[in-house]
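Remarks on the overall topology
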Amino acid sequence: MKTLQFREAICEAMSEEMRKDESIYLMGEEVAEYNGAYKASKGMLDEFGAKRVIDTPIAELGFSGIAIGSAMNGNRPIVEYMTFNFSLVGIDQIINNAAKIRQMSGGQFNCPIVFRGPTASAGQLAATHSQAFESWFANTPGLKVVVPSNPADAKGLLKSAIRDNDPVIFMESEQMYGDKGEVPEGEYLIPLGVADVKRKGTDVTIVSFGKIIKEAVKAADELAKEGIECEIIDLRTVRPMDQEAILTSIKKTNRLVVLEEAWPFGNVASEITYLVQNEAFDYLDAPVQRINTADTPAPFSPELLAEWLPNSNDVVKAVKKVMYRD
């Protein structure tokens, strides 16, 4: 094992795959000369040159479309958005072309492409730069949606995403790029669609993904002091979702809390809640609890932002509620 920052794990995954396959290239705003807005492509321009690490204009619709056309013609592009908030400018290309071309062409074209960059809040960036889009993209047939929570998962999942023959939305966090963690040496991949049990427990299942899962871990540590053992499932891939991992855990703990950094209406937590009531209703000893952001645009004020975001205290309260100990 070696210790890497999240950004370094991302860079390693892209570089290793690009060394093996000349059809892979990276494009996006500031990915080349500036080494990436978050330094996730540091050194890649020097190694691979300007034809494979490409700085683009501030024109997400344009460069997304160029990359999709390239993928349909035999290349395997990686498109970096400085933030997924900016992907809204290019979302027509992602939804109406990348996601649908295999079906619309009767299988004559596929689209092996990765769209990656940070999602959700990142401090005082206010309403238009603090949105979580996992459920938006997961709503679209033809897209796979990946949200890693640590450097090891980031590297293994990104390598799998790059090798996938369908479009993958790979969502990171500005607040995770400096996180450090142990990453296996040598070649390894993590299959898409397989969740990870981060912590075993017997009393309550907590399902989460991405950076907000840190709050679940903090809460579980506190609850353990009171004799409540939480099982934490990191989805890693939102679509396809590892339904079996969730249901297996529910059948053991009989209680579920879902933690997600997104608005409460029509989100991933809603999908999980439906799954559990449909497939494991008789195993539940309490109603499912969801924890989300407030149902408003993100505020700029740090005091209001702290109230808007879910935190470990919210998780503790939700767990105690399903345990009937609130």
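Preceding this section is the structure that the text describes.
None of these values were measured; they are calculated from a predicted model. (Residues numbered from 1 in each chain as written. Predicted model: local features only at pLDDT ≥ 70, side-chain atom pairs only at ≥ 80, totals over all residues. Heavy atoms only, no water.)

In this section: the overall build of the protein chain. In terms of regular secondary structure, the protein chain is built from 12 helices and 14 strands. A globule of 326 residues ought to have a C-alpha radius of gyration of about 20 Å, and the protein chain, at 20 Å, matches this closely. If you line up the protein chain on its principal axes, its C-alpha atoms span 60 × 45 × 40 Å. With 326 residues in all, the protein chain has 57% of them scored as buried. The long-range fraction of contacts in the protein chain, counting pairs at least 24 apart against all pairs at least 6 apart in sequence, stands at 81%. (Helix = DSSP H or I, 4+ residues; strand = E, 2+ residues; numbered from the N terminus. Rg over C-alpha atoms; globule rule 2.2 N^0.38 Å. Buried < 20%, exposed > 50% of the residue type's maximum accessible area, 1.4 Å probe, protein only. Contact = heavy atoms within 4.5 Å.)

A few words on the sheet that holds strand S6 (residues 144-146). Sheet strands line up and pair through hydrogen bonds in the backbone, either parallel or antiparallel. One open sheet accounts for 7 strands, arranged S3-S2-S4-S5-S7-S6-S12; its pairing is mixed. Each edge of the open sheet carries a strand with a single partner, namely strand S3 (53-55) and strand S12 (237-239). Averaged over all pairs of adjacent strands, the angle between their axes in this sheet comes to 20°, without regard to strand direction. Alignment of S6 against strand S7 (residues 168-172), held across 3 bridges, turns out to be parallel. Each bridged residue has a counterpart across the sheet, and for Val146 the counterpart in S7 is Phe170. In the packing of helix H1 (residues 6-20) onto the sheet, contacts are made with strand S2 (24-28), S3, strand S4 (76-80), strand S5 (114-118) and S7, and the angle to S2 comes to roughly 135°. (Pairing = 2+ DSSP bridges. Axes fitted to C-alpha atoms, helices over the stretch in contact; angles between N-to-C directions.)

A full pass over the atoms with the stated rule returns 7 aromatic pairs. Each ring, one from Phe6 and one from Tyr177, has its centre 6.0 Å from the other, and the planes form 75°; the classification is edge-to-face. Of the two residues, Phe6 sits in helix H1 while Tyr177 sits in the loop between S7 and strand S8 (180-183), which places them 171 residues apart along the sequence. On the basis of relative accessibility, which here comes to 0%, the residue Phe6 falls in the buried class. Seen from their ring centres, Tyr38 and Tyr177 are 5.0 Å apart, and the 10° between their planes marks the pair as stacked. Placement of Tyr38 in the loop between S2 and helix H2 (44-48) and of Tyr177 in the loop between S7 and S8 is noted, with a sequence separation of 139 residues between them. Given a relative accessible area of 18%, Tyr38 falls into the buried group. Look at Tyr177 and you get buried, because its relative accessible area is 2%. Following the ring pairs from residue to residue traces out a cluster consisting of Phe63, Tyr81, Phe84, Phe115 and Phe137. Across from the ring centre of Tyr34, 3.5 Å away, lies the NZ or CZ of Lys39, which sits over that ring. (Phe/Tyr/Trp six-rings, centres within 6.5 Å; stacked < 30°, edge-to-face > 60°. Lys NZ or Arg CZ within 6 Å of the ring centre and 35° of its normal.)

Turning our attention to the packing of helix H9 (residues 243-253) against helix H10 (residues 268-279). Angle between the axes and distance between the axes are the two parameters that describe a pair of packed helices. Contact geometry of H9 with H10 gives a least axis separation of 11 Å together with a crossing angle of 60°. Considering their axes alone, H9 and H10 lie oblique with respect to each other. As for how H9 packs across H10, the hand of that crossing is right-handed. Along its contact with H9, which presents Gln243, Ile246, Leu247 and Ile250, the element H10 presents Ile272, Leu275, Val276 and Glu279. Along the lines of polarity and charge, the residues of the contact of H9 with H10 split into 6 nonpolar, 1 polar and 1 charged. (Parallel < 35°, antiparallel > 145°, perpendicular 65-115°, else oblique. Left-handed = near helix turned anticlockwise from the far one by under 90°. Nonpolar A, V, L, I, M, F, W, Y, C, P; charged D, E, K, R; others polar.)

This next bit is on the pattern of salt bridges. Following the criterion strictly, the structure yields 25 salt bridges and no others. A salt bridge links Arg116 to Glu80; the shortest N-O distance between them is 2.7 Å. With a gap of 36 residues between them, Arg116 in strand S5 and Glu80 in strand S4 connect regions that are remote in the sequence. Since its relative accessible area comes to 0%, Arg116 is described here as buried. The exposure class of Glu80 is buried, given its relative accessible area of 2%. Taking the shortest distance from any N to any O, the salt bridge between Glu215 and Lys218 comes out at 3.3 Å. In this pair, Glu215 and Lys218 both sit in helix H8 (residues 213-224), 3 residues apart, roughly one turn of the helix. Judged by its relative accessible area of 16%, Glu215 falls in the buried class. Because the salt bridges share partners, they merge into one network encompassing Lys2, Glu12, Glu16, Glu17, Lys20, Lys155, Lys159, Arg163 and Glu187. (Salt bridge = Lys/Arg side-chain N within 4 Å of Asp/Glu carboxyl O.)

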